[in-house]
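The primary structure of each chain is shown beneath.
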Amino acid sequence: MSVALLWVVSPCDVSNGTSFMESVREGNRFFDSSRHRNLVSNERINRGGGKQTNNGRKFSVRSAILATPSGERTMTSEQMVYDVVLRQAALVKRQLRSTNELEVKPDIPIPGNLGLLSEAYDRCGEVCAEYAKTFNLGTMLMTPERRRAIWAIYVWCRRTDELVDGPNASYITPAALDRWENRLEDVFNGRPFDMLDGALSDTVSNFPVDIQPFRDMIEGMRMDLRKSRYKNFDELYLYCYYVAGTVGLMSVPIMGIAPESKATTESVYNAALALGIANQLTNILRDVGEDARRGRVYLPQDELAQAGLSDEDIFAGRVTDKWRIFMKKQIHRARKFFDEAEKGVTELSSASRFPVWASLVLYRKILDEIEANDYNNFTKRAYVSKSKKLIALPIAYAKSLVPPTKTASLQR
Ligand SMILES: CC(C)=CCC/C(C)=C/CC/C(C)=C/CC/C(C)=C/COP(=O)(O)OP(=O)(O)O
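Below is a short write-up of the structure. (Residues numbered from 1 in each chain as written. Predicted model: local features only at pLDDT ≥ 70, side-chain atom pairs only at ≥ 80, totals over all residues. Heavy atoms only, no water.)

What follows concerns the side chain of Thr139. Within the element layout of this structure, Thr139 appears in helix α5 (residues 133-139). Reaching out from Thr139, the side chain makes a polar contact with the backbone oxygen of Asn136 at a distance of 2.6 Å. Beyond its immediate stretch of four places on either side in the chain, Thr139 contacts Arg147, Ile150, Trp151 and Pro355. (Helix = DSSP H or I, 4+ residues; strand = E, 2+ residues; numbered from the N terminus. Polar contact = N/O pair within 3.5 Å; in protein donor to acceptor, adjacent residues only side chain to side chain. Contact = heavy atoms within 4.5 Å.)

Next comes the structure, spelled out in structure tokens:
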């Protein structure tokens, strides 16, 4: 896949139920080994019609697709995903706005393991520091509770991504992803499997984070297992939501909306979704050559055909005028999503704005670099140089000082 989150820590090997933590350091686990049996058996898999969530709701993008009687979709991916956005926003609206600051509860009391929890968060922080340097730097301005919660989410996303993109990817089956999803349910039910899951369990008990975007990310991994072509942008959009838009939805409840913001909660969620989509589209455009070498084309097939291009042109890796025209259109679309996202960053709580601006500004610049490479994304990897990053960061910081808009101008 064109990696959503290239986070390189070894994930737990869900193909055989071996814990990630067994392979490192002390191998501590939260709770007893009976959980391990749950993880490796399939008895708790309960598919079809949407699963019961932690609070009894059953909606998901997947169930929306399955729900249509004739098997045909009547909604576009964008409409279906927006439905998820509305539900996520409705879920947290009260909690986020009820107080000026999020009320962060104390750590879950885990007898005998209290030390482990802070160790688990520290480990999440180390991973984040190692693999997402700029973003991690930005999180230093956040409150300690929010920072470590973001770390825990980051690490879960990385481990999930690693299942289909890491060293053990060839052993990953849909059944293994089902087991990973069961394990996610356990995390949300306060029964973490290992230390890193423990950090996430604590996070989801302290912040109004819903399980749905996490499930949807796993669904993105399933999609990656079964698909290597996307018929049109509608299909690609759904994939981008699953693997990256979900990260935006997971992050907002942690980052918080500025109490003085007049924007609607759903518009902020929508901006977060847009940032995930923009990042993923950029990632795809940057990695066209790399993905093609793995037999994958994450570009809309109908748009390729309209431009007079085919998979063969991509595998041949020739930068032609047809390719340049095609790429200009794709870059333009990705920028539109960044524009959409920008409207929402200002509405986030003040300390959360800088890491988001920093990553947005830097990721957006990758598009400029693709242009500067004359659209050769077959053999040249577009990247933002250290000096350009250094120039961009103060700009991101200045942007983060801009307070939320005084009027309710941010609408979908
Ligand atoms: C905009 C508002 C209101 C909130 C922000 C909400 C957030 C944090 C959204 C970010 C979503 C996000 C980080 C999605 C991941 C997308 C992505 C393609 C990440 C790429 O990560 P790596 O794969 O590590 O990058 P590289 O491949 O470039 O190393």
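Further notes follow.
Turning next to the nonpolar core. Where a protein is soluble and globular, its nonpolar side chains tend to be buried together. Trp156, Phe214, Leu236, Leu299, Ile314, Trp323 and Ile370 are the most contacted members of the largest nonpolar core, which totals 111 residues. It is helix α10 (residues 233-255) that contributes the most residues to this core, 16 residues altogether. The residues that make up this core include at least three from each of domain 1 (76-102 + 210-412) and domain 2 (105-206). Non-local contacts of Ile314, meaning those with residues more than four positions away in its chain, are made with Val288, Ala292, Val297, Leu299, Leu304, Trp323 and Phe378. (Core = buried A, V, L, I, M, F, W, Y, C linked by side-chain atoms within 4.5 Å. Buried < 20%, exposed > 50% of the residue type's maximum accessible area, 1.4 Å probe, protein only. Domains from an automatic or database assignment.)

If you walk through the whole model with that rule in mind, you get 13 aromatic pairs. A centroid spacing of 5.1 Å and a plane angle of 65 degrees characterise the contact between Trp156 and Phe214, whose relative ring orientation is edge-to-face. Here the residue Trp156 occupies a position in helix α6 (residues 144-165), and Phe214 occupies one in helix α9 (residues 212-226), the gap between them amounting to 58 residues. Centre to centre, the rings of Trp323 and Phe378 are 4.7 Å apart; their planes meet at 35 degrees, and the pair counts as tilted. Of this pair, Trp323 sits in helix α15 (residues 321-345) while Phe378 is found in the loop between α16 (350-372) and α17 (386-400), placing the two residues 55 residues apart along the sequence. The exposure class of Trp323 is buried, given its relative accessible area of 1%. Judged by relative accessible area, which is 4%, Phe378 ranks as buried. Grouped by ring-pair contacts, the aromatic residues Trp156, Trp180, Phe188 and Phe214 constitute a single cluster. For Arg333, the ring lying beneath its charged end belongs to Phe233, and the centroid distance is 3.8 Å. (Phe/Tyr/Trp six-rings, centres within 6.5 Å; stacked < 30°, edge-to-face > 60°. Lys NZ or Arg CZ within 6 Å of the ring centre and 35° of its normal.)

The next subject is the environment of Glu266. Its place among the elements puts Glu266 in helix α11 (residues 265-286). Taking the C-alpha atoms as reference, Glu266 lies 10.0 Å from Val92; in sequence the two are 174 residues apart.

Here we come to the environment of Pro259. Take Pro259: it is sitting in the loop between α10 and α11. In this structure Pro259 comes out as partly exposed when scored by relative accessible area, which is 43%. Counting along the chain gives 88 residues from Pro259 to Glu347, while the straight-line C-alpha distance between them is 8.9 Å.

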